[in-house]
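Below are the chains, spelled out letter by letter.
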Amino acid sequence: MKSKLPWLTVLVLSLLSACARSPDRQYFTLRSPSTVTPSGVLRQPKDTLAITALTIPENVDTNKIVTRVPGSSRLELSDSYRWTESLTAEIASALADNLGQQYPGTLVTTPGQTAAPSHPDQQLEIDITRFDGTLGVGVELEAIWTIRGQKEKVVRHGHAKLNEAAKASDYESLTRAYTAALQRLSILIKN
């Protein structure tokens with residue numbers, strides 16, 4: 001007579017693995033709650049600013065939140081913590097919200113937005129060359145931008161290296177640091 005112990009072991013292990021599930025996914029946005037406009041009467045904008053180009057480093061261009069391992073050159077992609085959209089779309093939306101606050105009366109649009117005017121008053125091109133975050137430390141953001149007016153004339157050009165500390169060692173604090181860094185970048189772009 002064969003022992004039933006191996007079969008029982010397989011059954012118990014199968015039940016345990018079925019009960020153990022991966023952690024629930026949590027989604028984050030870079031859009032600040034303070035930039036959300038209240039519903040009400042829509043006004044005709046005085047000017048238009050179109051974000052026509054936005055590039056970010058390939059190593060973070062995913063909807064999974066990428067973090068740098070402290071004291072290392074290694075990056076980790078989180079399966080549990082994600083952006084609500086692609087990171088490029090998240091950054092574009094956050095910058096559009098922030099710039100809309102910086103430029104009252106201006107319609108700020110993002111790449112591919114269907115409501116974007118065909119001939120905006122100004123065009124903004126942004127190249128984000130660094131977008132690194134380390135849990136418990138903070139974020140580093142580096143960007144180059146150009147604002148062009150009518151007939152492609154350069155109105156303003158700039159470069160920024162920003163550091164923003166995280167207040168705790170969790171993803172919520174890290175995304176708040178990213179949001180704050182993007183708000184600071186928006187102020188620099190405007191000035």
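Refer to the structure above for everything that follows.
Residues numbered from 1 in each chain as written. Predicted model: local features only at pLDDT ≥ 70, side-chain atom pairs only at ≥ 80, totals over all residues. Heavy atoms only, no water.

J.: Tell me what's going on with the sheet that holds strand β3 (residues 64–68), and back it up with residues and numbers.
T.: Across the sheet, 3 strands lie side by side as β1-β4-β3; this open sheet has mixed pairing. Edge positions in the sheet fall to β1 (26–28) and β3, since each has one partner strand and no second. Geometrically, the sheet is characterised by an average inter-axis angle of 60 degrees between neighbouring strands, direction not taken into account. In the packing of helix α3 (residues 171–190) onto the sheet, the strands contacted are β1, β3 and β4 (75–83), and the crossing angle to β3 comes to about 90 degrees. (Pairing = 2+ DSSP bridges. Helix = DSSP H or I, 4+ residues; strand = E, 2+ residues; numbered from the N terminus. Axes fitted to C-alpha atoms, helices over the stretch in contact; angles between N-to-C directions. Contact = heavy atoms within 4.5 Å.)

J.: Tell me about the pairing of strand β2 (residues 47–55), and please be specific about residues and values.
T.: Judged from the 4 bridges that link them, β2 and strand β5 (residues 106–109) form a sheet pairing that is parallel. Paired with A50 across the two strands is T109, which belongs to β5. Bridge analysis of β2 against strand β6 (residues 122–134) gives 6 bridges, and the strand direction is parallel. Bridge assignment links A53 to a residue of β6, and that residue is E125.

J.: Can you explain the environment of G138? Please cite residues and give values.
T.: Along the chain, the position of G138 falls in strand β7 (residues 138–148). Spatially, the C-alpha atoms of G138 and S173 are 8.3 Å apart, while their sequence positions differ by 35 residues. Beyond its immediate sequence surroundings of up to four residues, G138 is in contact with D132, G133, E164, A165, A166 and L174.

J.: Which residues make up the sheet that holds strand β8 (residues 154–165), and what are the values?
T.: If you trace the 5 strands from one edge of the open sheet to the other, you get β5-β2-β6-β7-β8, paired in mixed fashion. This sheet does not close on itself; its edge strands, each paired only once, are β5 and β8. Within this sheet the neighbouring strands show an average axis-to-axis angle of 20 degrees, counted without direction. With respect to the sheet, helix α2 (residues 87–102) is in contact with β2, β5 and β6, its orientation differing from that of β2 by roughly 155 degrees. Sitting on the sheet, α3 is in contact with β6, β7 and β8, with an inclination near 155 degrees to β8.

J.: Tell me about unusual backbone geometry, and please be specific about residues and values.
T.: Notably, K151 is not glycine yet its phi reads approximately 60 degrees, a positive angle. Inspection of the secondary structure assignment puts K151 in the loop between β7 and β8. By relative accessible area, which is 82% here, K151 ends up exposed. Of note in the backbone geometry, E152 takes a positive phi value of approximately 65 degrees without being a glycine. Tracing the sequence through the fold places E152 in the loop between β7 and β8. You can call E152 partly exposed: its relative accessible area is 43%. (Buried < 20%, exposed > 50% of the residue type's maximum accessible area, 1.4 Å probe, protein only.)

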